[in-house]
Amino acid sequence: MATNIGKKFIRIDISSDTVCPWCFVGKRNLDKAIALASDQYDFEIRWHPYLLNSSAPKEGVNKKDYYRSKFGPHSEQMTSRMTEVFKGLGLEYNMSGLTGSSLDSHRLLYFAGQQGLDKQNNLAEELFLGYFTQGRYIGDREFLVEAARKAGVEGAADFLEDPNNGLKEVNEELQQYSSNISGVPHFVLNGKYQLSGGQPPESFIRAFQAASNITA
């Protein structure tokens, strides 16, 4: 990839699940870091699938009930914590609606990436916004198509119609990028420098510096 003269190139591979709140936090903080460092680096961002719950029901279940059954009494504390974290990002954490299988959203992210990495990145933002701040269900076809349209992705409805579209590619990426990690978000810079979690912008900027000095 060609870079602007004087700028270093950084490829960022992100393993993420669209139902992971810390993945949204990590994305927003990465966005801030990129904005601060855009005069020094050219960035290429690629999103890869991770399934926090590969057996999550496709039809969706009540989000609050699901978290209570999974985390017990800690679920209220977790919700309070995320509410504060999101507030710090200027967002309102919304626990209404359903949760369930995120597989279709990963198929759609793969499809978006075929049309351009900017569209894929924009789609990730729209999916996170809808699910975490508007109570939209990540498995709802109407929501997925709407998010794709906002991100400039064409042909989403037809693509999602066939459940096999993108499935092979998602499974290959799960194996390649997610099989050796234990949690998300997980970031790999220039194929070597790694960091995990909802890192603050400063951590990303330090990672840019470290990754840009790595030689193959």
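Residues numbered from 1 in each chain as written. Predicted model: local features only at pLDDT ≥ 70, side-chain atom pairs only at ≥ 80, totals over all residues. Heavy atoms only, no water.

(A) Spatial organisation of the packing of helix 4 (residues 103-115) against helix 8 (residues 167-178). Contact geometry for helix 4 and helix 8: axes closest at 9 Å, N-to-C directions at 95°. In terms of their interaxial angle, helix 4 and helix 8 are classed as roughly perpendicular. On the side of helix 4, the interface is formed by Leu103, His106, Arg107 and Tyr110, while helix 8 contributes Leu167, Glu169 and Val170. Looking at the contact of helix 4 with helix 8 residue by residue, the class counts come to four nonpolar, one polar and two charged. (Axes fitted to C-alpha atoms, helices over the stretch in contact; angles between N-to-C directions. Helix = DSSP H or I, 4+ residues; strand = E, 2+ residues; numbered from the N terminus. Parallel < 35°, antiparallel > 145°, perpendicular 65-115°, else oblique. Contact = heavy atoms within 4.5 Å. Nonpolar A, V, L, I, M, F, W, Y, C, P; charged D, E, K, R; others polar.)

(B) Molecular detail of the sheet that holds strand 6 (residues 193-196). Spatially, four strands are ordered 2-1-5-6 in an open sheet, and the strand pairing comes out mixed. Two strands in the sheet have a free side with no partner beyond their single neighbour: strand 2 (41-49) and strand 6. Here the strands of the sheet are splayed against their neighbours by 20° on average, with no regard to which way each runs. Taken together, the nine bridges between strand 1 (residues 8-16) and strand 2 define a ladder with parallel strand orientation. The residue of strand 2 that forms the bridge with phenylalanine 9 is aspartate 42. (Pairing = 2+ DSSP bridges.)

(C) Inspection of the environment of glycine 100 at higher detail. By the element assignment, glycine 100 lies in the loop between strand 4 (98-99) and helix 4. A relative accessible area of 7% means that glycine 100 is categorised as buried. The sequence separation of glycine 100 and valine 19 amounts to 81 residues, and the corresponding C-alpha distance is 8.4 Å. Once you skip the residues sitting within four places of it in the chain, glycine 100 turns out to touch Val19, Ala56, Pro57, Gly60, Tyr137 and Ile138. (Buried < 20%, exposed > 50% of the residue type's maximum accessible area, 1.4 Å probe, protein only.)

Nothing here speaks to function; it is geometry throughout.
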